[in-house]
Amino acid sequence: MSDATAKIRVKLRGYDAVVLDKSAKSIIESAISTGAKVAGPIPLPTKRRKIAVNRSTFIYKSSIEHFEIGTHKRVIDIIDPTPKTIDALQHLQMPAGVEIEIQ
C-alpha cells in the first residue's frame, strides 16, 4: 500500500463532549478489533460561538441576552487499515448529535 491509502483520518464533531468521547472510543475499539493501529483521539480546540439576542424589540431594546455554544472536535488516525476495518467503520452506529467525516 502507498502512504496515501495507508491511513484513514476520522474527524468527529459535536456539541456534547461526553457523547463525542464515547463515540470516539467505539470507533477505536472497532478499528483495533479488526487489526489496525490507531493514533488518537486527538482533541482539537473547541470553537465557541457567541450570540447576542434582544430580549424585547420595542421598549427595553437595550436589554440583551447572551448565548454561547461550543463545538468540540476530535481526530482519529487509523494506520494500516484492513478491508474489515473499512467495512466496520461504514456500518458503525453513531449517536445523535455526532458528525463523522472519514477521509
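Residues numbered from 1 in each chain as written. Predicted model: local features only at pLDDT ≥ 70, side-chain atom pairs only at ≥ 80, totals over all residues. Heavy atoms only, no water.

Formally: UniProt positions are given in the numbering used here, feature names are shortened, and annotations may be inferred rather than shown by experiment.
Where an unreviewed UniProt entry is consulted, the protein chain appears under the name Small ribosomal subunit protein uS10, with the organism given as Candidatus Dojkabacteria bacterium HGW-Dojkabacteria-1. One UniProt comment on the protein chain, placed under Subunit (unreviewed entry), says "Part of the 30S ribosomal subunit."

## Some words on the side chain of Thr85
Put simply, the rule reads: Under the scheme used here, helices are H or I runs from DSSP no shorter than 4 residues and strands are E runs no shorter than 2 residues, and both carry numbers assigned from the N terminus. What makes two residues a contact is simply this: any of their non-hydrogen atoms within 4.5 Å.
One can find Thr85 in helix α2 (residues 83-90). Setting aside chain neighbours within four positions, we find Thr85 in contact with Ala31, Thr34, Ala36 and Ile78.

## So, the sheet that holds strand β3 (residues 64-79)
Each strand in a sheet pairs with its neighbour through backbone hydrogen bonds, running either in the same direction (parallel) or in the opposite one (antiparallel). Applied cut-off: A pair of strands is considered paired only if DSSP assigns at least 2 bridges between the two. A fitted line through C-alpha atoms serves as each axis, taken over the contacting stretch for helices, and the angle formed by two N-to-C directions is quoted from 0 to 180°.
With antiparallel pairing, four strands are arranged side by side in an open sheet as β2-β3-β1-β4. Looking at strand neighbours, the two that pair on one side only are β2 (37-54) and β4 (98-102), the edges of this open sheet. Looking at each pair of strands side by side, their axes are set apart by 15 degrees on average, direction ignored. Where strand β1 (residues 7-14) lies against β3, eight bridges are found, and the strand directions are antiparallel. Of the residues in β3, the one forming a bridge with Val10 is Ile76.

## Focus: the pattern of salt bridges
Side chains carrying opposite charge are able to pair once their charged atoms draw close together. Our working definition: What counts as a salt bridge is simple: a side-chain nitrogen of Lys or Arg found within 4 Å of a carboxyl oxygen of Asp or Glu. Three exposure classes are used, based on accessible area relative to the maximum for each residue type with a 1.4 Å probe and protein chains only: buried under 20%, partly exposed in between, and exposed over 50%.
On inspection of all chains with the given rule, the structure shows four salt bridges. With a shortest N-O distance of 3.0 Å, Glu99 and Arg13 are connected by a salt bridge. Linking Glu99 in strand β4 with Arg13 in strand β1, this pair joins segments that are 86 residues apart in sequence. Asp21 is the salt-bridge partner of Arg74, the closest N and O atoms lying 2.9 Å from each other. You can see Arg74 sitting in strand β3 and its partner Asp21 sitting in helix α1 (residues 17-33), a full 53 residues away along the chain. Classification of Arg74 by relative accessible area gives buried; the value is 11%. Given the relative accessible area of 38%, Asp21 is considered partly exposed.

## Side note on the UniProt feature "domain: Small ribosomal subunit protein uS10" (unreviewed entry) in the protein chain
Here the UniProt-annotated "domain: Small ribosomal subunit protein uS10" (unreviewed entry) positions come out as residues 9-103. Within the segment residues 9-103, helix and strand shares are 26% and 47% respectively, and the terminal C-alpha atoms sit 5 Å apart.

## Some points on the nonpolar core
Our working rule: As used in this record, nonpolar core signifies buried Ala, Val, Leu, Ile, Met, Phe, Trp, Tyr and Cys residues forming a set joined through side-chain atoms within 4.5 Å.
Core analysis: the biggest nonpolar cluster contains 13 residues, and Ile8, Val10, Leu12, Ile27, Ile76, Ile78 and Leu89 have the highest contact counts within it. Looking at this core, the elements with two or more residues in it are β1, α1 and β3. The biggest single contributor to this core is α1, with five residues. In this view, Leu12 contacts Leu20, Ser23, Ala24, Ile27, His72, Lys73, Arg74, Ile76, Val98, Glu99 and Ile100; residues no more than four positions away in its chain are not counted.

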